[in-house]
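An overview of the molecular structure
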Amino acid sequence: MKRLLCPVFILLAGVLVAFSSLAIAADNTKKSLNKIIAAMPQNFPPHYSIDSSGQPTGFAVDVMNAIAKKAGIEVSYDIKENWRETQGALKSGKAHVIPNLGISIKRKEFAIFTTPLEKFHISIFVSKERTDLKNLADMKGIIVGAVDANVGARLLAKRTDLELRIFATFHEAMLALLSGRVEALAYPESVTWKSSRKMKLDGQIRVLAPPLKTIKRAIAVRKDLPELLKRLQVAMDGFIGSTAYKEIYSKWYDADRPIWTADRFLLIALVIMGLIVVGFAGWPLINRVRANAWAQLAEDGSQATERNEPFRSLTSKLLSIYVPLVTLAAVVLFLYLEFLFYQKERDQLISSLNNVVTIHSPAFQAAAWEYDVDQVRQLLGEFLLLPHIQGAVIYDT
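Residues numbered from 1 in each chain as written. Predicted model: local features only at pLDDT ≥ 70, side-chain atom pairs only at ≥ 80, totals over all residues. Heavy atoms only, no water.

Counting its secondary structure elements, the chain contains 14 helices and twelve strands. For the chain, the proportion of its 397 residues judged to be buried stands at 37%. Counted over contacts in the chain with a minimum sequence separation of 6, partners at least 24 positions apart contribute 71%. (Helix = DSSP H or I, 4+ residues; strand = E, 2+ residues; numbered from the N terminus. Buried < 20%, exposed > 50% of the residue type's maximum accessible area, 1.4 Å probe, protein only. Contact = heavy atoms within 4.5 Å.)

Right, let's get into helix H2 (residues 59-71). In this model, H2 (13 residues) spans 19 Å end to end at C-alpha, consistent with the 18 Å of a helix rising 1.5 Å per residue. Phe59, Ala60, Val61, Asp62, Val63, Met64, Ile67, Ala68 and Ala71 are the residues of H2 that are buried. Just downstream of H2, Gly72 is the residue with a positive phi angle, here 70°. (Expected span 1.5 Å × (residues − 1).)

Our focus in this paragraph is the pattern of salt bridges. For the structure on display, the rule yields nine salt bridges. Among the salt bridges present, the one from Asp148 reaches Arg84, with a minimum N-O distance of 2.6 Å. Linking Asp148 in the loop between strand E8 (143-147) and helix H4 (151-157) with Arg84 in helix H3 (residues 83-92), this pair joins segments that are 64 residues apart in sequence. Notably, a salt bridge pairs Glu163 with Arg165, separated by 3.2 Å at the nearest N-O pair. Given the relative accessible area of 40%, Glu163 is considered partly exposed. (Salt bridge = Lys/Arg side-chain N within 4 Å of Asp/Glu carboxyl O.)

The element helix H5 (residues 170-179) is largely enclosed, with a buried count of nine among its ten residues. After H5 finishes, the residue Gly180 shows a positive phi value of roughly 90°.

This paragraph deals with the environment of Leu33. Inspection of the secondary structure assignment puts Leu33 in the loop between helix H1 (2-32) and strand E1 (35-41). On the basis of relative accessibility, which here comes to 4%, the residue Leu33 falls in the buried class. Linking Leu33 and Ile73, residues 40 residues apart in sequence, is a C-alpha distance of 7.2 Å. Leave out the neighbours within four places in its chain, and Leu33 touches Ile73, His96, Leu225, Glu227, Leu228 and Arg231.

Relative to each other, H2 and helix H8 (residues 243-253) sit at 165°, their axes nearing to 9 Å. Taken together, the axis directions place H2 and H8 in an arrangement best described as roughly antiparallel. You can see that H2 and H8 cross each other, and the crossing is right-handed. Contacts between H2 and H8 involve Phe59, Asp62, Val63 and Ala66 from the first element and Tyr245, Ile248, Tyr249, Lys251, Trp252 and Tyr253 from the second. (Axes fitted to C-alpha atoms, helices over the stretch in contact; angles between N-to-C directions. Parallel < 35°, antiparallel > 145°, perpendicular 65-115°, else oblique. Left-handed = near helix turned anticlockwise from the far one by under 90°.)

A full pass over the atoms with the stated rule returns eleven aromatic pairs. Ring centres 4.9 Å apart and planes at 25° place the aromatic pair Phe170 and Tyr187 in the stacked group. Of this pair, Phe170 sits in helix H5 while Tyr187 sits in strand E10 (residues 184-188), and the two are 17 residues apart along the sequence. An aromatic cluster of three or more residues is present, and its members are Phe44, Tyr48, Trp83, Phe170 and Tyr187. Geometry around Phe110 places Lys91 over its ring, the cationic atom sitting 4.8 Å from the centre. (Phe/Tyr/Trp six-rings, centres within 6.5 Å; stacked < 30°, edge-to-face > 60°. Lys NZ or Arg CZ within 6 Å of the ring centre and 35° of its normal.)

With 67 residues, the main nonpolar core has Met64, Ile67, Val97, Ile219, Leu228 and Leu232 as its most contacted residues. Among the nonpolar cores identified, the runner-up in size contains twelve residues, and Ile124, Leu162, Ala184 and Ala186 belong to it. (Core = buried A, V, L, I, M, F, W, Y, C linked by side-chain atoms within 4.5 Å.)

Here the amide bond leading from Pro45 into Pro46 is cis, since omega sits at 5°, within 30 degrees of zero. Note on placement: Pro46 falls in the loop between E1 and strand E2 (49-50). Even without glycine at this site, Ala149 takes up a positive phi of about 70°. Looking at where Ala149 falls in the secondary structure, it is placed in the loop between E8 and H4. What makes Ala149 buried here is its relative accessible area of 10%. The backbone of Lys200 sits at a positive phi, close to 60°, despite the residue not being glycine. Mapped onto the elements of the fold, Lys200 is located in the loop between helix H6 (189-198) and strand E11 (205-207).

Reading fine detail from the predicted coordinates is not recommended where pLDDT is low. Per-chain confidence: the chain averages 78 in pLDDT, with 63% of residues scoring 70 or above. For residues 17-30, every residue scores under 50 in pLDDT, and the model assigns this stretch one contact once sequence neighbours within four places are set aside. (pLDDT = per-residue confidence, 0-100.)

Before going further, it helps to spend a moment on the packing of H2 against helix H7 (residues 226-236). Relative orientation and spacing of two packed helices are given, respectively, by the angle between their axes and the distance between those axes. Contact pair H2 / H7: the axes reach a minimum separation of 8 Å and the direction vectors enclose 105°. Comparing their axes, H7 and H2 come out roughly perpendicular. Between H2 and H7, the contacting residues are Met64, Ile67, Lys70 and Ala71 on the first element and Arg231, Leu232, Ala235 and Met236 on the second. Residue composition of the contact of H2 with H7, by class: six nonpolar, no polar and two charged. (Nonpolar A, V, L, I, M, F, W, Y, C, P; charged D, E, K, R; others polar.)

So this is what it looks like as structure tokens:
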């Protein structure tokens, strides 16, 4: 009997040790996922960008921080040069998540996704001067630019009716479009408009309809971390559509709206017209008060002549007060809006100059003697084709 009990006890002890090890490992895994690394590209507005102090910011960053806070997770950001490096960090295990990434079959090979956070269009952009390109059917035989590791590049890769050119960054692709090296550009619509407004180039391009494709975007989690996906998904439930989400969305997608819009001009006009209408609507009452005053004065004939004159000037006195007040209100309103406009233009100018430096900084990272003079001359020629650079050029006559 003792011989039979001994193996049983050994077996039970082994099972208990195994379960204890699994419980400890699960607990350690949970603790290790309380701090995660999120990979992000440095320039993909409004989703990802870097503020003046070098800190990550953007729509995707704010949403990720809000969800992580609900899940009890601390997030640190690994800022990469471009999308290829960002996705590479997730593939290699150096990052746990990418806060906002388009869902595709290719990307599901190395990532698992939460429910979608949003969706946006991959669209085709052309120069406004190309009036012959009206829709996607007109793309046959033209040269189309796309950005490396972007969905737009993969969507066009299999097409044999056009020539596809891949660029490392959006800035390089946009420069190629404006200089005529490519005839169209495939890129996310919201990002293109956001970046082009910053560079003051939105007036030089237009979008073709319909979109090339609509992409759903979500938090991408490393494929070997299903527990992290569950935690983030639980925190996400109820967040999309909440007041907090709407505030973040409005912050990043409504921030580009110009100060002077048709709606605001209409509002100002309505305010001024309202003041004028109120003034004229109250005019009969003023006249009635004045008539009653004159009637009372007429009862005293001896004092009528002496006291009529001040009341005759009552209209002019009221006008002298009312008109300046309306004018002052309009002037103050215009000055306030002008101040806001100045501040926004100043920030956009600084951002535009930073973007110009970003575009051309690679041209100065190597020694000058390593460059072909003809290539440098060509780059400078393309640089001068940018609209805001042309406006600053002074020619010696």
